[in-house]
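# Structural characterization, general
Single-letter residue listing:
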Amino acid sequence: MRGSSKIWNGVKVRIGKLTLKNPVMVASGTFGYAKEFEELVDLRKLGAIVTKTITIKARQGNLMPRVCETASGMLNAIGLQNEGVQSFIEDKLPYLSKIGVPIIVSISGYNIKEFCKLAKVLDRQKGVDGIELNISCPNINKGKGLIAQCPDATHDVVRNVRKATSKTLITKLSPNVTDIVEIAKAACKAGSDAISLINTLSGMAIDIETGKPSLGNITGGLSGPCIKPVALRMVWEVAGNIKKPVIGMGGIMSAEDAIEFLLAGAKAVEIGTANFVEPGVCEKIIKGIKVWTKKKS
Ligand SMILES: Cc1cc2nc3c(=O)[nH]c(=O)nc-3n(C[C@H](O)[C@H](O)[C@H](O)COP(=O)(O)O)c2cc1C
């Protein structure tokens, strides 16, 4: 397979300026700010931590209910609830920066100015090692969709954020597009150090007793095992068409799942929904990849 010669060989993984001790990271929004998991997971064993997406100002998030189970997965519409960047720096970053693994802060904004402002503020923070751009948010393009659905808008945001920070920049793509490669190329051309994919797939569920949508927001993002084949296909397509490192995610529940992504060409993986099912899953995945690699070498 494409990744078989490059799959993790037990040495450190390089992504931009970051050095990860293994290729297993936790995905934004599924691991809080890490402290929530400190009693369940040996945080020092993780390859890197991607924090819940933050915005400039605090956000309340969407109407309840915000999550529901689906066949082999879940829907969520949290709506980027967070306390804002200042509170993140004062209350969360001191703890995160002492863990001893690379800290990647996920950011989002409504326009280029907001993205740049966040990047500039975080660029000054010693405890921040990298920035993941969550561009699956309402477009600056006058309501014409997500930034991540438009190559030009993606290019513009990445190019401007690139000027605002010298930290490792990862652009996270949305699967809700026709041609994911086109968007990945736009992000790379604009200076992104790496591409991570996929964010959730747009979906909905209806409660047939009440006749109402199961989520307060009506639609939400689908994640978990049900999206893995879609995510894997997209990682395969992007990894074959760009030179920058690809970080794969979407439905990874086991070491075997993670190995599939590495074989498809991903240099690292992010674990999301699986953290809710089994908080210690990342350690198991790291161990499983090591065992598999040894067996195959
Ligand atoms: C409850 C929940 C909250 C999420 N919040 C964020 C977020 O704040 N920012 C982000 O970029 N992705 C967010 N995601 C998307 C995940 O990071 C990941 O891209 C997606 O769930 C696919 O991976 P998975 O199937 O392993 O969960 C969230 C996912 C879930 C399930």
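See the structure shown above.
Everything in this summary refers to the structure shown in the same document.

## Details of the sheet that holds strand E14 (residues 219–223)
- Pairing is antiparallel in the open sheet, where four strands are placed in the order E5-E6-E14-E11. Edge strands, defined here as strands with exactly one partner in the open sheet, are strand E5 (67–70) and strand E11 (201–204). When strand polarity is set aside, the average angle formed by the axes of neighbouring strands in this sheet is 40°.
- Direction of pairing for strand E6 (residues 73–76) relative to E14: antiparallel, over a ladder of three bridges. By the bridge assignment, Asn76 is partnered in E14 with Gly221.

## As for the sheet that holds strand E10 (residues 194–197)
- If you trace the eight strands once around the closed barrel, you get E3-E4-E7-E8-E9-E10-E15-E16, paired in parallel fashion. Put simply, the sheet's adjacent strands are angled 25° from each other on average, direction ignored.
- Strand contacts of helix H2 (residues 112–123): strand E7 (103–107) and strand E8 (130–134), with the helix running at about 160° to E7, the strand carrying the most contacts.
- Seen against the sheet, helix H3 (residues 151–164) touches E8 and strand E9 (168–172) and runs at an angle of roughly 165° to E9.

## Focus on a nonpolar patch on the surface
- On the surface, Met204, Ile206, Ile208 and Ile218 cluster together to form a nonpolar patch covering roughly 440 Å² of accessible area.
- Here Ile218 lies in the loop between strand E13 (212–213) and E14.
- For Ile218, a relative accessible area of 45% translates into the label partly exposed.

## Observations concerning the packing of helix H5 (residues 228–239) against helix H6 (residues 255–263)
- Two elements in contact, H5 and H6, have axes separated by 9 Å at closest approach and are oriented at 25°. The pairing of H5 with H6 is recorded here as roughly parallel in orientation. Residues Lys228, Ala231, Leu232 and Val235 of H5 form the contact with H6, whose participating residues are Asp257, Glu260 and Phe261.
- For the contact of H5 with H6, a count of residues per class yields four nonpolar, no polar and three charged.

## Considerations on the site of the ligand
- In the vicinity of the ligand there are 22 residues, among which Ser28, Thr53, Lys172, Gly251 and Thr273 approach most closely.
- A distance of 2.7 Å is found between an oxygen atom of the ligand and a backbone nitrogen or oxygen belonging to Ser28.
- Contact with the protein chains covers 97% of the free accessible surface of the ligand, which is 610 Å².
- Its residues placed into classes, the shell around the ligand shows six nonpolar, 14 polar and two charged.

What counts as what
- Residues numbered from 1 in each chain as written.
- Predicted model: local features only at pLDDT ≥ 70, side-chain atom pairs only at ≥ 80, totals over all residues.
- Heavy atoms only, no water.
- Pairing = 2+ DSSP bridges.
- Helix = DSSP H or I, 4+ residues; strand = E, 2+ residues; numbered from the N terminus.
- Axes fitted to C-alpha atoms, helices over the stretch in contact; angles between N-to-C directions.
- Contact = heavy atoms within 4.5 Å.
- Patch = residues over 30% accessible without salt bridge, like charges linked within 9 Å, V, L, I, M, F, W, Y side chains within 5 Å.
- Areas by Shrake-Rupley, 256 points an atom, 1.4 Å probe, with all protein chains shown as cover.
- Salt bridge = Lys/Arg side-chain N within 4 Å of Asp/Glu carboxyl O.
- Buried < 20%, exposed > 50% of the residue type's maximum accessible area, 1.4 Å probe, protein only.
- Parallel < 35°, antiparallel > 145°, perpendicular 65-115°, else oblique.
- Nonpolar A, V, L, I, M, F, W, Y, C, P; charged D, E, K, R; others polar.
- Near = heavy atom within 4 Å.
- Polar contact = N/O pair within 3.5 Å; in protein donor to acceptor, adjacent residues only side chain to side chain.

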